[in-house]
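Single-letter residue listing:
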Amino acid sequence: MKDTNIVILAGRVGENVKFGVAQNGNKYCTFILEVDAYCRDMHDSTERDYSKTLVRIFVYDKVQLAYLERVGIKQGNFVQILARLNSHKTEVGSKNIIQNSVIVRDISVVKTQ
């Protein structure tokens, strides 16, 4: 994998994880990751805003898929992800839309009590 557009995300699995098989026969896993975002005022560094960002996650790597199946990833799990940000154009109606997705390179499910 080319080392461009690398992102590190941490958050909670926001929906049930879906394992499947693509038309080409390759296995995959997908889910929504809920990431909390905080903004700080540039002048005095006080916290200004909070938002929850939803990110669609895709896992294609066989080792990472086996790991997710073994640990039984599910909604509410806290995960840390090293991934590649992928963008592509899609036409919806008469509009061109750029969609972003995250292709997982490494994922860890963090055990919380």
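On a predicted model such as this, the values are computed, not experimentally measured, just so you know. The residue count restarts for each chain, going from 1 along the sequence in the order it is written. For this predicted model, a pLDDT threshold of at least 70 governs which residues receive local features, and a threshold of 80 or more governs which side-chain atom pairs are given and counted, while totals over whole chains, interfaces and linings are taken from all residues. Calculation of side-chain values draws on the structure's entire complement of heavy atoms; hydrogens and water are dropped beforehand.

Asks: Whenever I open this one, the pattern of salt bridges confuses me. Can you help?
Replies: Side chains bearing opposite charge may pair, as long as their charged atoms lie close to each other. The salt bridge criterion pairs a side-chain nitrogen of Lys or Arg with a carboxyl oxygen of Asp or Glu, the two atoms within 4 Å. Under the criterion given, the structure shown has one salt bridge. Across the pair E15 and R56 runs a salt bridge, and its minimum N-O distance is 3.3 Å. Taken as a pair, E15 in the loop between strand 1 (6-13) and strand 2 (18-21) and R56 in strand 4 (residues 47-59) lie far apart in primary sequence, 41 residues in all. Accessible area is worked out with a 1.4 Å probe on protein chains only. A residue is then buried under 20% of its type maximum, exposed over 50%, and partly exposed in between. R56 sits in the partly exposed class, given a relative accessible area of 28%. Comment: elements are numbered from the N terminus, with helices defined as DSSP H or I runs of at least four residues and strands as E runs of at least two.

Asks: When you look at the packing of aromatic side chains in this model, what are you seeing that I'm missing?
Replies: Any pair of aromatic rings gets described here by the distance separating the centres and the angle formed by the planes. Two rings belonging to Phe, Tyr or Trp (six-membered ring only in the last case) form a pair when the distance between their centres is within 6.5 Å. Interplanar angles under 30 degrees mark stacking, angles over 60 mark edge-to-face geometry, and anything in between is tilted. Enumeration according to the criterion identifies one aromatic pair in this entry. Seen from their ring centres, F58 and Y60 are 6.2 Å apart, and the 0° between their planes marks the pair as stacked. Of the residues examined, F58 reaches a relative accessible area of 22% and is grouped as partly exposed.

Asks: Explain the nonpolar core to me, please; I cannot follow it from the model alone.
Replies: Across soluble globular proteins, nonpolar side chains show a tendency to be buried alongside one another. Only buried residues count toward a nonpolar core, which is a set of Ala, Val, Leu, Ile, Met, Phe, Trp, Tyr and Cys residues joined through side-chain atoms within 4.5 Å. F31, I57 and I81 are the most contacted members of the largest nonpolar core, which totals 21 residues. Of all the secondary structure elements, the ones that give two or more residues to this core are strand 1, strand 3 (27-40), strand 4, helix 1 (62-71), strand 5 (78-92) and strand 6 (95-110). By definition in these notes, contact holds between two residues if any of their heavy atoms fall within 4.5 Å. Discounting residues that sit within four places of it in the chain, F31 has contacts with V13, E15, V17, V55, R56, I57, I73, I81 and I107.

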